[in-house]
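# Summary of structural features
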Amino acid sequence: MDVKVERGLNELGAAEIVAKIAASEITCEAVTRDCIERIAAREPVVKAWVNFNPELALAQAHALDREPRRGPLHGVPIGVKDVIDTFDMPTEMGSPIYRGYRPTADAACVALLRRAGAVILGKTATCELAGMAPAATTNPHRAAHTPGGSSSGSAAAVADFMVPAALGTQTGGSVLRPSSFCGVFGYKPTYNTFNKAGLKPAAESIDTIGWIARSIEDIALLSAVLRMDEPQPLRSVSAAPRIGMCRTEIWDSAQPETKSAAENAATMLSKAGAILRDVTLPDAFAGLHALARGTINHVERAACMAFEWDNHRAALSPQMQRYIESGLETPRADYVAAWRRVERCRPLLPSVFEGLDVLLVPCVPGEAPKGLASTGDPSMQAMWTALHTPTMTLPTHRGPNNLPVGIQLVAQRYDDDRLLACARWIWDKIGAPDMIGVSRLWRSG
């Protein structure tokens, strides 16, 4: 006989929470308590949080329950990656250099969330200064495997039903990669869609704040708040989307599960009515991922980290020291040449997307690797980040170890609404609710 397992309030999505609070079915405090209980049960294994104060979270929720609806996120708990400033809790950036650092103001994105009525549940773990030196966070599906990075805590917390959504940042692949590894939705909007004031920069010309959540509807709602828009129902496509299957030049470096995920998605979507065609990128795009992750990232990182390098070098990880040294040693001419290449490619994007709504591309080399010493390879996201295009990963497939493998969708710059609408259509055709987050076994464990 099937046994019905009740969902905790921590398993609700942001839009569900808003609706139930508005209907007086639940309270802000009750939702926050369920999230806190889930964190207490699972945090010793997952280690997603670095600054978490249950009393502070409950105080915010209690205050919201005593006042009229503040905004479109009234009562929704949110996790904040710990490179983003919060005035009421430390921002330590995964680095001993910033241990105990207390900003006097919220980052712009956090301030907008509070204005909209969100409960800032706590700060989620990040790789050191949003780089590649891992945090202690584990993959909630299997603790011996990486959750990805650098938004490791945000992805793990959302996947483990500790919080409905969390902010991440992406310089190479730091929103989409952990989202794919942890089996949730990751969204990196068009560059500078969300204001970056109060974010510790890594590479300012690429850094993008993004969302990690368990539904596309939630991403649309949360994004409207950060765009200072009035939230609207998620747009529907008027016809089956036109999708370009783009394997990219690094296709051969992907594991079989990534190739299978992309190919299987294309086949299923074609059968569902989507118009599919193969897309080959122009020659100018060759090697763009390496220029973005290497030359551009390292030079800008060296500039952003001048204070830390000059005053706290010994406290930086070996990985960070190598990045900064690389940036310092890179000739200015090489940096300019890298950006000229990117700027050659951006005007070619309209021809790449001609007659298409989105591209379907590989997201990650494979499922989350075993071991916690590395957060995985960001190459498959890095090119699109440098091109400033909006991208999204959908948790559609699993690999040989039954770990998540996402697909990546890419749209033209400023075509974010079309990306979300196409993602919703695609998810309706090939997605499955049991692919999102951890299994029922873990949820009840």
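Use the structure listed above.
Residues numbered from 1 in each chain as written. Predicted model: local features only at pLDDT ≥ 70, side-chain atom pairs only at ≥ 80, totals over all residues. Heavy atoms only, no water.

## Some points on the sheet that holds strand β6 (residues 208-213)
Spelled out, the test is: A pair of strands counts as paired when DSSP detects no fewer than two bridges linking them. Put simply, DSSP H or I for four residues or longer makes a helix, DSSP E for two residues or longer makes a strand, and each gets a number counted from the N terminus. For helices, the axis comes from a line fit to the C-alpha atoms of the stretch in contact; other axes are also lines fit to C-alpha atoms, and the angle between any two N-to-C directions lies between 0 and 180 degrees.
Strand order in the open sheet made by the eleven strands is β1-β3-β2-β4-β6-β5-β10-β11-β9-β7-β8, with mixed pairing throughout. Because the sheet does not close on itself, it has two edges, and the strands there are β1 (49-51) and β8 (275-278). Taken pair by pair, the neighbouring strands of this sheet meet at an average axis angle of 30°, ignoring direction. Sheet analysis places strand β9 (residues 358-362) next to strand β11 (residues 404-410), joined by four bridges and oriented antiparallel. Bridge pairing in β11 places Pro-362 opposite Ile-407.

## Points about the packing of aromatic side chains
Spelled out, the test is: Stacked, tilted and edge-to-face are the three classes assigned to paired rings of Phe, Tyr and Trp, where Trp is represented by its six-membered ring and a pair needs centres within 6.5 Å; plane angles under 30 degrees give stacked, over 60 edge-to-face, the rest tilted. Throughout this description, the term charge over a ring refers to an Arg CZ or Lys NZ atom that lies within 6 Å of the ring centre and within 35 degrees of the ring normal.
Overall, the coordinates contain three aromatic pairs when judged by the stated rule. Ring geometry for Phe-185 against Trp-427: centres 4.9 Å apart, planes inclined by 75°, an arrangement best described as edge-to-face. You can see Phe-185 sitting in strand β5 (residues 185-188) and its partner Trp-427 sitting in helix α15 (residues 416-430), a full 242 residues away along the chain. Residue placement shows Arg-247 over the ring face of Trp-251; its charged tip is 5.6 Å from the ring centre.

## Here's the deal with helix α9 (residues 288-304)
Put simply, the rule is: To get the bend at a given residue, fit one axis to the seven residues ending there, fit another to the seven starting there, and take the angle between those axes. The classification of residues rests on relative accessible area computed with a 1.4 Å probe and restricted to protein chains. Under 20% of the type maximum is buried, over 50% is exposed, and intermediate values are partly exposed.
Of all the bends found along α9, the most pronounced is centred on Asn-297 and spans about 35°. Of all 17 residues in α9, 14 are buried, a share of seventy percent or more.

## A few points about the nonpolar core
Convention followed: In this text, buried Ala, Val, Leu, Ile, Met, Phe, Trp, Tyr and Cys residues form a nonpolar core when linked through side-chain atoms within 4.5 Å. Residue contacts follow a heavy-atom distance rule, with two residues in contact if any of their heavy atoms lie within 4.5 Å.
Judged by nonpolar contacts, the single largest core of 109 residues is most densely connected at Leu-113, Leu-167, Trp-211 and Met-392. In terms of residues, this core owes the most to one element, α15, which gives eight residues. Once you skip the residues sitting within four places of it in the chain, Met-392 turns out to touch Leu-176, Phe-185, Gly-186, Tyr-187, Ile-216, Ile-219, Ile-407, Gln-408, Leu-409, Leu-419, Leu-420 and Ala-423.

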